[in-house]
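# Commentary on secondary and tertiary structure
Listed here are the chains, written in short residue letters.
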Amino acid sequence: MTEKPIVIKTPAEMILDSRAARARGERVGLVPTMGALHQGHISLLDYTRQHCDRLVVSIFVNPIQFNKKDDLEKYPRTWEQDTARCAEAGADVIYAPDAAVMYPAGFQTKVAVGAMAQGLCGAFRPGHFDGVTTVVLKLFNAVRPHLAVFGQKDYQQLKVIQRMCQDLDLEVEVVGCPTVREPDGLALSSRNVHLSPSERRQSLCLYKALSRARALAQAGEREAAALIAAARREIESSPLARLEYLEVVDAETLEPVSRLERPARMCLAAWLGDTRLIDNMGLD
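If you're wondering where the values come from, they're calculated on a predicted model, not measured in any experiment. (Residues numbered from 1 in each chain as written. Predicted model: local features only at pLDDT ≥ 70, side-chain atom pairs only at ≥ 80, totals over all residues. Heavy atoms only, no water.)

## Things to note about the environment of Leu 44
When you line up the elements, Leu 44 lands in helix α2 (residues 39-51). Taking relative accessible area as the criterion, Leu 44 reaches 8% and is therefore assigned buried. In sequence terms Leu 44 and Leu 30 are 14 residues apart; their C-alpha atoms lie 9.4 Å from each other. When residues no more than four places from it in sequence are discounted, the contact partners of Leu 44 are Val 31, Val 149, Phe 150, Gly 151 and Cys 177. (Helix = DSSP H or I, 4+ residues; strand = E, 2+ residues; numbered from the N terminus. Buried < 20%, exposed > 50% of the residue type's maximum accessible area, 1.4 Å probe, protein only. Contact = heavy atoms within 4.5 Å.)

Now the structure itself:
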């Protein structure tokens, strides 16, 4: 029988648990999530389990990173399913504080990363990454992990968090694991459940666009404008897809590049109906 992970609800309890684990000489790993766990999350848990002695999964739908109230309200909450998946993946702890604990009355301090958080998703979701970095720093302070693991699907988020750790001298190793996809290429996301059957079919244009750009880059195309144009044509062939942004950026700094002379990624966001999807792919 799978042993259930313990559930911790407050930062004070979480600090004590991790302090005890560290005192025992254990390596603590954290996978931050907002719940609605899918196989992409499980891949992060599996990686962390292999590299750490104590696996902590945080489940917290962070209100300060949502730009729209209705988006926050419709975010899926699947607690029973999530706890079962954490148990199957060998999690030791589920850290599940509520919003009143994380942001008590009088809370007024936030973390803000500079230019790296302003482009791509940051240009369309003002304040989003302030909310992300603030909650992640709070999670790091409570869990005290040696290792924190994120998915590369949220590539800008990954790089912003790595930048925060570097800038603020945090003793946390932040690792990004490859995007997990459906057999047809669609990146796994908790938002995919909102797609209608026709939207789901046409959402494949995002993966096709990225794959087309990568194939051209591997064939020798070095001009970002040409890669973007080819990817855009793939997306525009699907009438239900509304492109929000499509850019080629430096893989480390996220600054736009005009020519591939160093590692780069193509990043995009698009709407299928009322569902916003993001994806990215390395062009090397």
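## A word on the pairing of strand β8 (residues 264-272)
Every other side chain in a regular strand lies on the same face of the sheet, so the side chains alternate between the two faces. Along β8, eight of the nine residues are buried, which leaves the element largely enclosed by surrounding structure. The hairpin formed by β8 and strand β9 (residues 275-282) contains two residues between the paired strands, and Gly 273 there has a positive phi angle of roughly 65°. (Pairing = 2+ DSSP bridges.)

## Quick word on helix α4 (residues 79-88)
Within α4, burial applies to Asp 82, Thr 83, Cys 86 and Ala 87. The buried residues of α4 occupy an angular sector of 135° when projected down its axis, which confines them to one face. Residues Glu 80 and Glu 88 are exposed on α4 and point more than 90 degrees away from its buried face. The elements touched by buried residues of α4 are α2, β3 (54-59) and β4 (93-95). Taken from the residues just after α4, Gly 90 is the one with a positive phi, measuring 85°. (Arc of directions from axis to C-beta.)

## Brief notes about the pattern of salt bridges
A full pass over the atoms with the stated rule returns 15 salt bridges. Two residues, Lys 153 and Asp 154, come together in a salt bridge whose shortest N-O distance is 3.8 Å. Classification of Asp 154 as partly exposed rests on a relative accessible area of 28%. Among the ionic pairs, Arg 163 bridges to Asp 167, the shortest N-O distance being 2.8 Å. A residue pair is termed a helical-turn pair when its members lie 3 or 4 positions apart in one helix, as Arg 163 and Asp 167 do in helix α8 (residues 155-167) at four residues. Through salt bridges with shared partners, one network takes in Glu 223, Arg 259 and Glu 261. (Salt bridge = Lys/Arg side-chain N within 4 Å of Asp/Glu carboxyl O.)

## Regarding the sheet that holds strand β6 (residues 173-177)
Reading across from one edge, β1-β4-β3-β2-β5-β6 is the order of the six strands in this open sheet, with parallel pairing throughout. Both outer strands of the open sheet, β1 (6-8) and β6, are each paired with one neighbouring strand and no more. Taken over all neighbouring pairs, the strand axes of this sheet differ in orientation by 25° on average, direction set aside. Where α8 meets the sheet, it contacts β5 (147-151) and β6, and its direction lies at approximately 170° from that of β6. (Axes fitted to C-alpha atoms, helices over the stretch in contact; angles between N-to-C directions.)

## Re the sheet that holds β8
One key point about sheets: their strands pair by backbone hydrogen bonds, in either a parallel or an antiparallel sense. Spatially, the three strands line up as an open sheet ordered β7-β8-β9, and their pairing is antiparallel. The open sheet has two free edges, formed respectively by β7 (241-250) and β9, since each of these has just one partner strand. Within the sheet, the average angular offset between the axes of one strand and its neighbour, ignoring direction, is 15°. Where β7 lies against β8, nine bridges are found, and the strand directions are antiparallel. Paired with Asp 250 across the bridge in β8 is Ala 264.

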